[in-house]
Amino acid sequence: GDDNSGRKVITFSCCRMPPSHQLNHTRLLEYLKYTLDQYVENDYTVVYFHYGLKSMNKPSLKWLQTAYKEFERKYVSKIFAMQFCHVSNSKLLTILFSFPRYKKNLKALYVVHPTNFIKILWNIFKPLISHKFGKKVTYLNYLSDLREHLKYDQLNIPQEVIRHDENLRRKQKGKLPPVVKIPPPRPPLPTQQFGVSLQYIKDKNKGELIPPVMKETVSYLKRKGLQVEGLFRRSASIQTIKDVQKLYNQGKSVNFDDYHDIHIPAVILKTFLRELPQPLLTFECYDHILGITSVESSLRVTRCKQIIQELPEHNYVVLKYLICFLHMVSQESIYNRMTASSLACVFGLNLIWPSKGTASLSALVPLNLFTELLIDFYMNIFNSRTVPGE
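Residues numbered from 1 in each chain as written. Predicted model: local features only at pLDDT ≥ 70, side-chain atom pairs only at ≥ 80, totals over all residues. Heavy atoms only, no water.

> Describe the overall build of the chain, naming the residues involved and giving the relevant values.
When its secondary structure is counted, the chain shows 19 helices and four strands. Per-residue burial for the chain yields a buried fraction of 51% across its 390 residues. Accessible area of the chain: about 20000 Å², with a carbon and sulfur share of 52%. (Helix = DSSP H or I, 4+ residues; strand = E, 2+ residues; numbered from the N terminus. Buried < 20%, exposed > 50% of the residue type's maximum accessible area, 1.4 Å probe, protein only. Areas by Shrake-Rupley, 256 points an atom, 1.4 Å probe, with all protein chains shown as cover.)

> Summarise the pattern of salt bridges; cite the residues concerned and give the values.
Per the counting criterion, the structure on display carries three salt bridges. For arginine 169, the salt bridge identified is with aspartate 165, shortest N-O distance 3.6 Å. On the criterion of helical spacing, the pair formed by arginine 169 and aspartate 165 is a turn pair, its members being four residues apart in helix H8 (residues 159-173). Across the pair glutamate 208 and lysine 215 runs a salt bridge, and its minimum N-O distance is 3.3 Å. (Salt bridge = Lys/Arg side-chain N within 4 Å of Asp/Glu carboxyl O.)

> A description of helix H10 (residues 212-224) should follow, citing residues and the corresponding values.
With 13 residues, H10 extends 18 Å from end C-alpha to end C-alpha; this agrees with the ideal 18 Å at 1.5 Å per step. Among the residues making up H10, those that are buried are Val213, Met214, Thr217, Val218, Tyr220 and Leu221. Taken down its axis, H10 places every buried residue within 165 degrees of arc, on the same side. Contacts made by the buried residues of H10 are with helix H11 (238-249), helix H12 (263-274) and helix H15 (313-331). (Expected span 1.5 Å × (residues − 1). Arc of directions from axis to C-beta. Contact = heavy atoms within 4.5 Å.)

> Account for the packing of H15 against helix H18 (residues 364-376), with residues named and values stated.
Following both chains from N to C, one finds H15 and H18 inclined at 80 degrees, their axes separated by 8 Å at the closest point. As judged from the angle between their axes, H15 and H18 are roughly perpendicular. Contacts between H15 and H18 involve Leu319, Ile323, Leu326, His327 and Ser330 from the first element and Leu374, Ile375 and Asp376 from the second. A per-class count over the contact of H15 with H18 returns five nonpolar, two polar and one charged. (Axes fitted to C-alpha atoms, helices over the stretch in contact; angles between N-to-C directions. Parallel < 35°, antiparallel > 145°, perpendicular 65-115°, else oblique. Nonpolar A, V, L, I, M, F, W, Y, C, P; charged D, E, K, R; others polar.)

> I'd love a proper account of unusual backbone geometry, names of residues and values included.
Backbone geometry places histidine 260, a non-glycine residue, at a positive phi of 55 degrees. Locating histidine 260 in the fold gives a position in the loop between H11 and H12.

> Residue-level account of the nonpolar core, with values.
As a rule of thumb, nonpolar side chains are buried together in soluble globular proteins. Formed by 70 residues in total, the largest nonpolar core has its most connected members in Phe232, Ile308 and Leu319. The biggest single contributor to this core is H15, with nine residues. Excluding residues that lie within four positions of it along the chain, leucine 319 makes contacts with Leu280, Leu281, Ile308, Leu311, Leu351, Leu374 and Phe382. Counting residues in hydrophobic clusters, the runner-up holds 16 residues, among them Phe12, Cys14, Tyr44 and Leu109. (Core = buried A, V, L, I, M, F, W, Y, C linked by side-chain atoms within 4.5 Å.)

> So, the pairing of strand E1 (residues 8-13): which residues are in play, and what are the values?
By the criterion of burial, E1 is predominantly enclosed, with five of the six residues buried. Of the strand pairs in this sheet, E1 and strand E2 (residues 44-49) are connected by six bridges, and their pairing is parallel. Its bridge partner lying in E2, phenylalanine 12 is registered against tyrosine 48. (Pairing = 2+ DSSP bridges.)

> Please set out the sheet that holds strand E4 (residues 137-140) residue by residue, giving values where relevant.
On the basis of which strands lie adjacent, the open sheet formed by four strands has the order E1-E2-E3-E4 and parallel pairing. The open sheet terminates on both sides in strands that have one partner only, identified here as E1 and E4. Neighbour to neighbour, the strand axes of the sheet diverge by 20 degrees on average, direction disregarded.

> Could you give me a rundown of the environment of asparagine 255, with the residues and numbers involved?
Residue placement: asparagine 255 occurs in the loop between H11 and H12. Residues asparagine 255 and valine 244, 11 residues apart in the sequence, show an inter-C-alpha distance of 9.5 Å.

> Got a sec to walk through the environment of alanine 340? Specific residues and values, please.
Looking at the secondary structure, you find alanine 340 in helix H17 (residues 340-351). Assessed through its relative accessible area of 6%, alanine 340 is described here as buried. It is 5.3 Å that separates the C-alpha atoms of alanine 340 and glutamate 372, two residues lying 32 residues apart in sequence. In this structure alanine 340 touches Ser330, Glu372, Ile375 and Asp376, once residues within four positions along its chain are discounted.

> An account of the packing of H12 against H17 is needed here, citing residue identities and associated values.
Contact pair H12 / H17: the axes reach a minimum separation of 8 Å and the direction vectors enclose 30 degrees. Relative to H17, H12 is oriented roughly parallel. Between H12 and H17, the residues in contact are Lys270, Leu273 and Arg274 and Val346, Phe347, Asn350 and Leu351, respectively. Residue composition of the contact of H12 with H17, grouped by class: four nonpolar, one polar and two charged.

Quick look at the structure:
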């Protein structure tokens, strides 16, 4: 899933770890690295569910020493690793985030259901840990606290963790907390841009096919952002993004020059796509897109073209407008380091997601490949369909 800033979220659940004697911890560490390597080039968030880590499934100190030998010691933040690793129960993640490669773009680490022992030790060793990394760590006592930071409903939370959370609340109150009545959602404003359908925006904007927020962000980035290194990889202030969204939803003008941050319009564009009620590539295309990896390499562009031809006219026009821009960005990759592949990793899950739940890790390969092909072969894929009013 994504957090409230559009950063990818990776979860780690201790209750899923089998007893130590049944688990090859070296392979586990390699799997963690493999998973993180798919995201660490962009900003990302980690949620660590501590419940379920017991003496029987903790990695041993001997294994920790072996793990250090397998990695390049010169890249380890030794004060953090040596002091904190030996006393914290979250040892596996601690090792990984000792390495600059994984630490650099990690923007938040949420530790859910921490024990008092961990909190005390954190305070003891906090002076020895870099202040910058320390600010990224947040302890959350209850699952409900996650809702303030990310899209809770997208998380795959083990039932054991949910039951543990309920038990904690019973112990605190003597009973489950009362159900809070959520007021019905307000109808969207006539000028609403985020969280409403393309059709709604079109109807409220005199039939314009390209949503105003999309047109303005793309236009601004074309003028000032094409050669910015890491464009679309960086996040921006959550409050600033909310403020800009509010301005757009109220129909007020936005001058991105006032914010002095080129990444704000980039994040706004991604946020707009992600908050559409239905993905731009539509739910109907999801399974077809997943099948792209089973198509022979020489025929994949043709298959992409076939899938795109099935899109509703409005979706097709908006997608063509976006991919044309992303193709332009990729053409400047010598400066911005954003190749078609890099852009696909950022935009893949902003263009398509399943109708229920979240995309699995295995689904990322075909989703990103499909997006990469659209960007790389833009001229070929979008050259044969003309839409009235385009």
